[in-house]
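# Breakdown of the fold
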Amino acid sequence: MSSGSGTKEDPWVLNTPSGGSEYLMYQDEAADPPALVCVVGATTLKYHLRCIEDLHTMLKEHADWIPLGSADEQKEAKEGTVEAWGRSASNPIGGWYGLRKGFRGRFGMYVPPLLAHLGLAEVENLPRNNRMRAV
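Model, not experiment: these values are computed from the prediction.

The subject of this paragraph is helix α3 (residues 107-117). Counting buried residues in α3 gives 9 out of 11 residues, a clear majority hidden from the surface. Taken residue by residue, α3 has Phe107, Gly108, Met109, Tyr110, Val111, Pro112, Pro113, Leu114 and Leu115 as its buried positions. At the C-terminal side of α3, Gly119 shows a positive phi close to 80°.

If you want it as structure tokens, here you go:
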């Protein structure tokens, strides 16, 4: 389940792919660079706002399921996952989509449910090893 319009006043209320945690996301277009803000409990993560369009484009080009592979910034991301792509020098921004040093990871956990909410992707909702693909 998800709700909200994606503003700070009315954020998207989303659930992690495993369904274990609820979190909030909203767009901050006034930030430099424009940001996608993710609030998980007392923790705030920020990603380049363009990650929504860039991830959707990558998924369409991939044309199949791709594992999410969520990992903290300090841990290596498994190759061939959404998380690894979100850190890769070969993605459209040439590196991390995460904006806040020390909190740049978990791209594969928090961004995919938003794409599903926006109707851009399908995300599996299993206890572990979830995947996504473009719609």
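Looking at the secondary structure, you find Glu83 in helix α2 (residues 82-85). At 3.2 Å, the side chain of Glu83 and the backbone nitrogen of Arg106 are in polar contact. Not counting residues up to four positions away in its chain, the partners in contact with Glu83 are Leu68, Gly69, Ser70, Ala71, Ala77, Gly105, Arg106, Phe107, Gly108 and Met109.

Turning next to the sheet that holds strand β7 (residues 131-134). If you trace the 3 strands from one edge of the open sheet to the other, you get β5-β7-β6, paired in antiparallel fashion. Edge positions in the sheet fall to β5 (66-67) and β6 (121-123), since each of these pairs with one other strand and no more. One ladder, built from 2 bridges, connects β5 with β7; its direction is antiparallel. Among the inter-strand pairings, Pro67 is bridged to a residue of β7, identified as Arg131. Here α3 sits on the sheet in contact with β6 and β7, set at roughly 125° to β6.

Thresholds, definitions, all that
Residues numbered from 1 in each chain as written. Predicted model: local features only at pLDDT ≥ 70, side-chain atom pairs only at ≥ 80, totals over all residues. Heavy atoms only, no water. Buried < 20%, exposed > 50% of the residue type's maximum accessible area, 1.4 Å probe, protein only. Helix = DSSP H or I, 4+ residues; strand = E, 2+ residues; numbered from the N terminus. Polar contact = N/O pair within 3.5 Å; in protein donor to acceptor, adjacent residues only side chain to side chain. Contact = heavy atoms within 4.5 Å. Pairing = 2+ DSSP bridges. Axes fitted to C-alpha atoms, helices over the stretch in contact; angles between N-to-C directions.

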